[in-house]
Amino acid sequence: IAHRHAALFLACAVGAAAATTAAATCPDVRPAEGLDLTEWARASWYIQQQQFTGYQTAEDLFCVVATYDSVTNKTVPFFKGTVVAVHNYENKDHVNGKVDSTDINIPSGLCARQPNASLPAELLVAPCFVPNIGAGAYWIIAYGADAHGEYEWGVVSGGAPTEQFDDGCTTKETGVNNSGLWIFARVPVAPQATLDAARAALTKLGYTLQRLQPVAQQGCNYTGAVIKPN
């Protein structure tokens, strides 16, 4: 048993060292400067491409929508800063399939928290009853606006990239906290130019694009979803 424990400890130590090395060679990505959180929450976001996570696999990538409500009475334990209600929605297995959402699965709701008042793009997300210490990083790392200053697309990363590939780094695809990468658009099916701008922003930041998966949005009814029109 002692030998087994020693072998396990060695394996964990080697794994931790490898992870540290990979993280050290990945770019130092930070949340985007200058984000207007009110504008971010003005209308719903339709996910165009994303990575798998511990809670979203291939069967979940249909009609995925994220809606934020900055005018809310939601609160988070031991936190007095800005709290934004989050409504995440998806269909299972196919377009207009079985509805799944955080409003169904989390009775208390899902809350984004802004721990740094001077950096609105640096958010933490967890069920509203969970203190910030248990929340996951949810960083808006890039966004694009039209001529009127209204946001057209955004890129969200589950914290800093730590997983290295031959053409860049990205976040992990397992677990809940600190995983995930998403390309958002204000319309269900974004123009190619919008996708190109978001993907170019990711490449410039040092992310790999090879782990991004397409999300089906054509023909979605979004039945039961919380939707804010653009």
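Predicted, not measured: the structure shown is a model, and the values here were computed from it.

**Description of helix H4 (residues 192-205)**
What sets the pattern is the α-helix's 3.6 residues per turn: residues three or four places apart point alike.
Link 1 in the chain: Between the first and last C-alpha of H4 there are 20 Å, a value that for 14 residues agrees with the 20 Å anticipated at 1.5 Å per step.
Link 2 in the chain: For H4, the set of buried residues is Thr194, Leu195, Ala198, Ala201 and Leu202. Each buried residue of H4 lies within a common arc of 125° when the element is viewed along its axis, so the set occupies one face. For H4, the exposed residues set more than 90 degrees away from the buried face come down to Gln192, Ala193 and Lys204.

**Considerations on the state of the cysteines**
Link 1 in the chain: Per the counting criterion, the structure on display carries 3 disulfides.
Link 2 in the chain: Between Cys63 and Cys220 runs a disulfide, and the two sulfur atoms are separated by 2.0 Å. Handedness here is read from the sign of the S-S torsion; for Cys63 and Cys220, about -85°, the answer is left-handed. Of this pair, Cys63 sits in strand E2 (residues 62-69) while Cys220 sits in the segment after strand E12 (213-214), placing them 157 residues apart in sequence.
Link 3 in the chain: Here Cys111 connects covalently by a disulfide to Cys128, the sulfurs 2.0 Å from one another. The sign of the S-S torsion, about 90°, decides the handedness of the disulfide formed by Cys111 and Cys128: right-handed. Of this pair, Cys111 sits in strand E5 (residues 110-114) while Cys128 sits in the loop between strand E6 (122-127) and strand E7 (136-145); the two residues are 17 residues apart in sequence, bridging distant segments of the chain.

**Structural notes on the environment of Thr171**
Link 1 in the chain: Relative to the helices and strands, Thr171 resides in the loop between strand E10 (168-170) and strand E11 (181-185).
Link 2 in the chain: Given the relative accessible area of 1%, Thr171 is considered buried.
Link 3 in the chain: Beyond its immediate stretch of four places on either side in the chain, Thr171 contacts Gln51, Ser157, Gly158, Gly159, Ala160, Pro161, Thr162, Glu163, Asn178, Ser179, Gly180 and Leu181.

**Regarding the nonpolar core**
Link 1 in the chain: Grouped together as the largest cluster of nonpolar side chains are 25 residues, with contacts concentrated most on Trp40, Tyr68 and Phe184.
Link 2 in the chain: If one sorts the elements of this core by residue count, E2 sits on top with 3 residues.
Link 3 in the chain: Counting residues in hydrophobic clusters, the runner-up holds 18 residues, among them Ala142, Leu181, Ala190 and Ala198.

**Comments concerning unusual backbone geometry**
The general pattern is negative phi for most residues beyond glycine and trans for most peptide bonds.
Link 1 in the chain: Phi is positive for Asn96, close to 60°, though the residue is something other than glycine.
Link 2 in the chain: Along the polypeptide, Asn96 turns up in the loop between strand E3 (82-92) and strand E4 (98-101).
Link 3 in the chain: The phi dihedral of Tyr222 falls on the positive side, at around 55°, and the residue is not glycine.
Link 4 in the chain: Examined against the element boundaries, Tyr222 turns out to sit in the segment after E12.

**Regarding the side chain of Gln49**
Link 1 in the chain: For Gln49, the position within the fold is in strand E1 (residues 45-50).
Link 2 in the chain: The buried category is assigned to Gln49, whose relative accessible area is 14%.
Link 3 in the chain: Of the polar contacts made by the side chain of Gln49, one reaches the side chain of Arg199; its length is 2.9 Å.

**Examining the side chain of Thr67**
Link 1 in the chain: Within the secondary structure layout, Thr67 lies in strand E2.
Link 2 in the chain: Side-chain polar atoms of Thr67 contact the side chain of Ser44, separated by 2.7 Å.
Link 3 in the chain: Not counting residues within four places of it along the chain, the set of residues in contact with Thr67 comprises Ser44, Ala85, Val86, His87, Val226, Ile227 and Lys228.

**Here's the deal with the confidence of the model for the protein**
Link 1 in the chain: When the pLDDT values of the protein are averaged, the result is 91; 90% of them are 70 or greater.
Link 2 in the chain: Scored below 50 in pLDDT, residues 1-21 shows 0 contacts in the model against residues more than four places distant or in partner chains.

**What to know about the pattern of salt bridges**
Link 1 in the chain: If you walk through the whole model with that rule in mind, you get 9 salt bridges.
Link 2 in the chain: A salt bridge links Lys92 to Asp60; the nearest nitrogen and oxygen atoms lie 2.4 Å apart. Of this pair, Lys92 sits in strand E3 while Asp60 sits in the loop between E1 and E2, and the two are 32 residues apart along the sequence.
Link 3 in the chain: In this structure, the salt-bridge partner of Arg211 is Glu173, at a minimum N-O distance of 3.1 Å. Separated by 38 residues along the polypeptide, Arg211 in the loop between H4 and E12 and Glu173 in the loop between E10 and E11 bring together distant segments of the chain.
Link 4 in the chain: Using a relative accessible area of 22% as the deciding quantity, one classes Glu173 as partly exposed.

**Digging into the environment of Gly97**
Link 1 in the chain: Among the secondary structure elements, Gly97 is positioned in the loop between E3 and E4.
Link 2 in the chain: Assessed through its relative accessible area of 12%, Gly97 is described here as buried.
Link 3 in the chain: Separated by 37 residues in sequence, Gly97 and Asp60 have C-alpha atoms that sit 9.8 Å apart.
Link 4 in the chain: The residues touching Gly97, leaving out its near neighbours within four places in the chain, are Asn91 and Lys92.

How each quantity is defined
Residues numbered from 1 in each chain as written. Predicted model: local features only at pLDDT ≥ 70, side-chain atom pairs only at ≥ 80, totals over all residues. Heavy atoms only, no water. Helix = DSSP H or I, 4+ residues; strand = E, 2+ residues; numbered from the N terminus. Expected span 1.5 Å × (residues − 1). Buried < 20%, exposed > 50% of the residue type's maximum accessible area, 1.4 Å probe, protein only. Arc of directions from axis to C-beta. Disulfide = S-S within 2.5 Å. Contact = heavy atoms within 4.5 Å. Core = buried A, V, L, I, M, F, W, Y, C linked by side-chain atoms within 4.5 Å. Polar contact = N/O pair within 3.5 Å; in protein donor to acceptor, adjacent residues only side chain to side chain. pLDDT = per-residue confidence, 0-100. Salt bridge = Lys/Arg side-chain N within 4 Å of Asp/Glu carboxyl O.

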